[in-house]
Amino acid sequence: MNATSFEGAPDATAAPGRIVLLTTSHRVAPGLLSWPAWQALRDADQVLCADGAHPQLPYLREAGIPVDEAAPTAQELVDACAGGRTVVVVATGEGEPHLTDGLARLAGSGRVRMPELELLPASYDLPGARLLDLVQVMDRIRAECPWSSRQTHMGLAKYGIEEAYELVEAIEAGDRDELREELGDVLLQVVFHARIAEEDPDAPFSIDDVAGGIVAKLIHRHPHVFGDETATTPEEVKEHWLRTKAVEKQRTSVTEGIPLGQPGLALAAKLASRVRTAALEVPLPTGESIGYELLDLAVRAEAQGVDPEAALRAAARAYRDAIRGVEAGG
């Protein structure tokens, strides 16, 4: 790259030329630019970049495009376009706000013949691209934060439970802003655990391994979407899911894979769901404690399509409101 100043000299009678501000996304691999961007770069009379370490520069150099390291003022850039010249500015990560603001002031003054101005995005973020930012931020926090660098899977386990409950609460409350925030908190737990897992000396894995695993699972369990099978109802979809899952897991009992540490009502409903789906005839155990009564209620709720855990939370919220009403003297 040339570490020279920009070219051009003012000429009041010449055509004003063209300025192209070329922006790129750091979430897309350098060198993967759009065809209009490559055309603009090849056709330019001069290409400028204020950042000598810009990740695109080696690829531009390899393509035979000379780039001058320079940070002209707005007026200097306008002058460089005199005579109908085209100057492409490869924007830095900040987007060159000082330059664009200066050009706007010149245009607003009415005293300067302005070149044609074009903002040309050379690469775009794909859906999910901000997840790359999260991975990078988590990597730095893990390396530099005194607290985060010492965390383990076991130490973070309680936070995963807490965040999951807070997500459910946001869903049930219908608060969209809270829902977005709590989804982020749950996502953080996934990325945090994956980052810790990279350091395991015996069986390391990364966030890419986690994502790759769930992608493969989703494709395999949706043959009606990615394969030749058909499903027109939610019941048929569930049948596909359970059938492929059974082949994958090769379980000897319908109770396998059910976490016993979940809340009691949810646990009872999950067991009842597995029994009903497998068409097993299993009599409910009986006893004198209230636990057996709750078990019976949970099984009845599941059979009626009611989530007993959610139903009890709704009733508990009503009870809380009643308590507050009495406390307020209502």
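Now for a look at the structure at hand. Owing to the predicted nature of the structure, the values given are computational and were not obtained by experimental measurement.

So, about the pairing of strand E1 (residues 18-23). Sheet topology places E1 next to strand E4 (residues 86-90); five bridges connect them, and they run parallel. In the strand pairing of E4, Ile-19 is matched with Val-87. Looking at chain direction, E1 and strand E5 (residues 116-121) are connected through six bridges and run parallel. Directly across from Arg-18, in E5, lies its bridge partner Glu-116.

This paragraph deals with the packing of helix H11 (residues 264-277) against helix H12 (residues 290-303). Relative placement of two packed helices is described by the angle separating their axes and the distance separating the axes. Here H11 crosses H12 at 55°, and the two axes come no closer than 8 Å. Considering their axes alone, H11 and H12 lie oblique with respect to each other. Handedness of the crossing formed by H11 with H12: right-handed. Contact residues: H11 offers Leu-265, Ala-268, Ala-269, Ala-272, Ser-273 and Arg-276, while H12 offers Leu-294, Leu-295, Ala-298, Val-299 and Glu-302. A class-by-class count of the residues in the contact of H11 with H12 yields eight nonpolar, one polar and two charged.

All right, on to a nonpolar patch on the surface then. Together, Ile-214, Val-215, Leu-218, Ile-219, Val-225 and Phe-226 line one region of the surface with nonpolar side chains, adding up to about 530 Å² of accessible area. Counting only elements with at least two residues in the nonpolar patch, the list comes to helix H8 (207-220) and helix H9 (223-226). Of all the elements, H8 adds the most residues to the nonpolar patch, at four residues. Structurally, the position occupied by Leu-218 is in helix H8.

Our focus in this paragraph is the layout of surface pockets. Counted as a void, the largest pocket has a volume near 430 Å³. As for the largest pocket, its lining consists of 16 residues, of which Leu-242, Lys-245, Arg-251, Arg-274 and Thr-277 are closest to the centre. Only helix H10 (234-249) and H11 provide two or more residues apiece to the lining of the largest pocket. Here the lining of the largest pocket gets six residues from one element, more than from any other, and that element is H10.

The next point concerns empty space enclosed by the protein. Applying the stated criterion across every chain, the model contains one cavity of 30 Å³ or more. Taken as a whole, the largest cavity encloses approximately 50 Å³ of empty space. At the level of elements, strand E2 (46-49) and helix H4 (97-109) are the ones that each hand at least two residues to the lining of the largest cavity. Across the lining of the largest cavity, the residue classes break down as eight nonpolar, one polar and one charged.

Scanning the model with the defined rule gives 14 salt bridges in all. The salt bridge partner of Glu-172 is Arg-317, with a shortest N-O separation of 2.8 Å. With Glu-172 in helix H6 (residues 153-173) and Arg-317 in helix H13 (residues 308-327), this pair connects stretches of sequence that are 145 residues apart. One salt bridge in this structure joins Arg-276 and Glu-302, with 2.5 Å as the shortest N-O distance. Of this pair, Arg-276 sits in helix H11 while Glu-302 sits in helix H12, and the two are 26 residues apart along the sequence.

Formed by 18 residues in total, the largest nonpolar core has its most connected members in Leu-22, Leu-33, Leu-41, Val-47, Leu-60, Val-88 and Val-90. Of all the elements, helix H1 (residues 35-43) adds the most residues to this core, at four residues. Other than its neighbours up to four places away in sequence, Leu-41 contacts Leu-22, Leu-33, Val-47, Leu-60, Ile-65, Val-88 and Val-90. With 16 residues, the next largest nonpolar core counts Ala-70, Val-78, Cys-81 and Met-114 among its residues.

Moving on, we come to the sheet that holds E1. The strand order across the open sheet built from five strands is E3-E2-E4-E1-E5, with neighbouring strands paired in parallel fashion. The strands lining the two open edges of the sheet, one partner per strand, are strand E3 (68-69) and E5.

Inspection of the secondary structure puts Glu-163 in helix H6. Notably, Glu-163 is buried but unbridged: the nearest opposite-charge side chain belongs to Lys-158, and the N-O separation is 11 Å. Beyond its immediate sequence surroundings of up to four residues, Glu-163 is in contact with Glu-182, Asp-185, Val-186 and Gln-189.

Contact pair helix H5 (residues 130-144) / helix H7 (residues 176-197): the axes reach a minimum separation of 10 Å and the direction vectors enclose 55°. If you check the angle between H5 and H7, you find them oblique. The two elements H5 and H7 meet at a crossing, and its hand is right-handed. Contacts from Leu-131, Leu-134, Val-135, Met-138, Asp-139 and Arg-142 in H5 reach Leu-187, Leu-188, Val-191, Phe-192, Arg-195 and Ile-196 in H7. Residues belonging to the contact of H5 with H7 are distributed by class as follows: nine nonpolar, no polar and three charged.

Conventions adopted
Residues numbered from 1 in each chain as written. Predicted model: local features only at pLDDT ≥ 70, side-chain atom pairs only at ≥ 80, totals over all residues. Heavy atoms only, no water. Pairing = 2+ DSSP bridges. Helix = DSSP H or I, 4+ residues; strand = E, 2+ residues; numbered from the N terminus. Axes fitted to C-alpha atoms, helices over the stretch in contact; angles between N-to-C directions. Parallel < 35°, antiparallel > 145°, perpendicular 65-115°, else oblique. Left-handed = near helix turned anticlockwise from the far one by under 90°. Contact = heavy atoms within 4.5 Å. Nonpolar A, V, L, I, M, F, W, Y, C, P; charged D, E, K, R; others polar. Patch = residues over 30% accessible without salt bridge, like charges linked within 9 Å, V, L, I, M, F, W, Y side chains within 5 Å. Areas by Shrake-Rupley, 256 points an atom, 1.4 Å probe, with all protein chains shown as cover. Salt bridge = Lys/Arg side-chain N within 4 Å of Asp/Glu carboxyl O. 1 Å grid on protein atoms, 1.4 Å probe; cavity = no way out; pocket = protein on both sides within 12 Å on 5 of 7 lines; lining within 4 Å. Points joined across faces, edges and corners; volume = space filled by probe spheres on them. Core = buried A, V, L, I, M, F, W, Y, C linked by side-chain atoms within 4.5 Å. Buried < 20%, exposed > 50% of the residue type's maximum accessible area, 1.4 Å probe, protein only. Lys, Arg positive; Asp, Glu negative; His and termini not counted.

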